[in-house]
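# What the coordinates show
Chain by chain, the residues:
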Amino acid sequence: MGVEVSELKEHLEEVPKWSQILENYGGKDEPVIVGLQHCKEYRRRTKLRDISIGPAGMFSTGTNLLNRLLKENCENPDKTKYGRKNPLKFNLHQVPWGKHNPAEARGAYMVEYMREYVENPMAVLPIVSIRHPYTWMSSMCRHGYGTQWTHNTQLCHKTLGLRSPVREVPYGAKSNGTHFIPNNYTSLAHMYMEWYSSYFYEQQYKRLMIRFEDLVFRPKEVVTRVCECVGGTIRSWKGKGKFVYKTKVSNKGPGHGQRSDLLTAFTKYGQPLDSFYAQYDAKDREITKKAFHGDEVDKTGIFQTFQYKLLR
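Residues numbered from 1 in each chain as written. Predicted model: local features only at pLDDT ≥ 70, side-chain atom pairs only at ≥ 80, totals over all residues. Heavy atoms only, no water.

### Quick look at the state of the cysteines
Applying the stated criterion to the full structure yields 3 disulfides. Shown here is the disulfide that connects cysteine 39 with cysteine 229, its sulfur atoms set 2.1 Å apart. The chirality of the disulfide connecting cysteine 39 with cysteine 229 is left-handed, given an S-S dihedral of about -100 degrees. Here the residue cysteine 39 occupies a position in helix 3 (residues 39-45), and cysteine 229 occupies one in helix 9 (residues 219-229), the gap between them amounting to 190 residues. Looking at cysteine 39, the relative accessible area reads 7%, which means it is buried. The buried category is assigned to cysteine 229, whose relative accessible area is 3%. Between the sulfur of cysteine 141 and that of cysteine 156 lies a disulfide, 2.0 Å long from S to S. Sign of the S-S torsion, about -90 degrees for the bond between cysteine 141 and cysteine 156, identifies this disulfide as left-handed. (Disulfide = S-S within 2.5 Å. Helix = DSSP H or I, 4+ residues; strand = E, 2+ residues; numbered from the N terminus. Buried < 20%, exposed > 50% of the residue type's maximum accessible area, 1.4 Å probe, protein only.)

In structure tokens, the structure reads:
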């Protein structure tokens, strides 16, 4: 887990049982990673100097944690002089089209500062982090990262305000003549569904999708598989082969609201999902049902794949 034994003992009563964690997130004691079947093809079709990875995901889904874990532990497969002199080209802070931007921004937008060292943005393999919608919407209610919808941050324990449409999301990418990049949604639940569906059902470009919860509970397994997917190797620190965990906060600077260290996250997201669902009033639950289950088309495939249990 990466938490000091002394710290764990001090807060032992707060730490959830592993059986509860498994019940929350599918019951299987292994991470869920979507897209691994394409790794071999990605390595074969991508020039060694162009192989690179970059986090993507909605706000508050662990993209900074993912980036720091990869940077600390995954070595560039390019061992040539070019690869050694250009470490930034492999382990990117985010995908070139912006980690919080919808998948529709790929090929239509590029983060300005990344033009300096990303020669082939379409060769970057997105590592998309997804999170259980109940905990994600609860977190967004308290700190929306500039996402605008009518709700009261002081009443998130009673309602998330899902009856109000999302008027605007602070994406860097904007719609243009050839690409439509959505910037408003029927509700926060619909925003979640539409954003992740674009990556989940993507057919043209390769991507990996991982769970935020696995970054918290199984970081070594996730990072190892992602690193090996692109031909990288797990770094052996001074020959000791020790995996570097990030036990402190990963979000730095303004705009990130209240942050959690690893033990806090471990404790919080190991609690029964009912405690999060209890924050939804009757209208919130009606809206999540429409957004996640659909009126005519079954949309639950994404939740079944990531083993996210939905309450009715």
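### A closer look at unusual backbone geometry
The phi angle at serine 60 is positive, at roughly 65 degrees, despite the residue not being glycine. Along the chain, serine 60 falls in the loop between strand 2 (52-57) and helix 4 (63-73). Since its relative accessible area comes to 15%, serine 60 is described here as buried.

### Observations concerning the sheet that holds strand 2
In space, the 4 strands of this open sheet follow the order 1-5-4-2, with mixed pairing throughout. What marks the edges here is a single partner per strand, and that holds for strand 1 (33-34) and strand 2. With 4 bridges connecting them, strand 4 (residues 124-130) and strand 5 (residues 208-211) associate as parallel partners. Pairing of valine 128 across the sheet is with methionine 209, part of strand 5. (Pairing = 2+ DSSP bridges.)

### Quick word on the pairing of strand 4
On any regular strand, side chains alternate: one points to one face of the sheet, the next to the other face. Among the 7 residues of strand 4, 7 are classified as buried, and the element is accordingly described as predominantly covered. Of the two faces of strand 4, the one lined by Val124, Pro126, Val128 and Ile130 and the one lined by Leu125, Ile127 and Ser129 are each fully buried. Sheet topology places strand 2 next to strand 4; 6 bridges connect them, and they run parallel. For glycine 57, the partnering residue across the bridge sits in strand 4 and is serine 129.

### Notes on helix 6 (residues 133-142)
The element helix 6 is extensively covered by neighbouring structure, given that 9 of its 10 residues are classed as buried. Among the residues of helix 6, Pro133, Tyr134, Thr135, Trp136, Met137, Ser138, Ser139, Met140 and Cys141 are the ones counted as buried. As for helix 6, its buried residues are in contact with helix 7 (188-200), helix 8 (212-217), helix 11 (274-277), helix 12 (282-293) and helix 13 (301-305). (Contact = heavy atoms within 4.5 Å.)

Honestly, it's all geometry; don't read function into it.
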